[in-house]
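Given next are the chains, with one letter for each unit.
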Amino acid sequence: MRSINDSSSQLWQNQDYAQQWGYKFSYDGLNCLTSAAYGETESLTSAMGNYNEQLTYDGDGNILTLQRSELK
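Residues numbered from 1 in each chain as written. Predicted model: local features only at pLDDT ≥ 70, side-chain atom pairs only at ≥ 80, totals over all residues. Heavy atoms only, no water.

K.L.:
Any chance you could break down the packing of aromatic side chains for me, citing the residues and the numbers?
P.N.:
For the structure on display, the rule yields five aromatic pairs. Here the aromatic rings of Tyr 38 and Tyr 51 are separated by 5.1 Å at their centres, their planes lie at 85 degrees, and the arrangement is edge-to-face. Here Tyr 38 is found in strand β3 (residues 33-40), whereas its partner Tyr 51 is found in the loop between β3 and β4 (53-57), with 13 residues between them in sequence. Exposure remark for Tyr 38: the relative accessible area of 6% places this residue in the buried category. (Phe/Tyr/Trp six-rings, centres within 6.5 Å; stacked < 30°, edge-to-face > 60°. Helix = DSSP H or I, 4+ residues; strand = E, 2+ residues; numbered from the N terminus. Buried < 20%, exposed > 50% of the residue type's maximum accessible area, 1.4 Å probe, protein only.)

Pasting the structure below:
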């Protein structure tokens, strides 16, 4: 699920509904998740900004902050 440019994505789809949903993930230099950006459609460019997550870490890799957005 990881790619060479330190980001990846995950898509899913309900068999009864053609819409695709998913997240684009970003990681820092230590491979810690820094963001999960929600989107819809295969390109994940529709409905951006809903259900996003942002994380920060201390020097030991412990999560300092986790911010989640809700449906806009």
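On we go from here.
K.L.:
Account for the pairing of β4, with residues named and values stated.
P.N.:
Taken together, the two bridges between β3 and β4 define a ladder with antiparallel strand orientation. Along β4, the bridge assignment pairs Ser 35 with Gln 54. As paired strands, β4 and strand β5 (residues 63-68) are joined by five bridges and run antiparallel to one another. Its bridge partner being in β5, Tyr 57 is matched across the sheet by Ile 63. (Pairing = 2+ DSSP bridges.)

K.L.:
So what's going on with the nonpolar core? Which residues, and what values?
P.N.:
Residues Trp 21, Tyr 23, Phe 25, Tyr 27, Ala 36 and Tyr 38 constitute the largest nonpolar core, which totals six residues. Counting residues per element, the ones that place at least two in this core are β2 (20-27) and β3. By residue number, the principal contributor to this core is β2, which donates four residues. Look past the residues within four positions of Trp 21 in its chain and what remains in contact with it is Gln 10, Leu 11, Trp 12, Gln 13, Asn 14, Tyr 38, Gly 39, Glu 40 and Leu 44. (Core = buried A, V, L, I, M, F, W, Y, C linked by side-chain atoms within 4.5 Å. Contact = heavy atoms within 4.5 Å.)

K.L.:
Now, about unusual backbone geometry: what can you tell me, with residues and values included?
P.N.:
Trans peptide bonds make up most of the peptide bonds, and negative phi angles are found at most residues other than glycine. For Thr 41, which is not glycine, the phi torsion reads 80 degrees and is therefore positive. Along the chain, Thr 41 falls in the loop between β3 and β4. Judged by relative accessible area, Thr 41 falls into the partly exposed class, the value being 29%.

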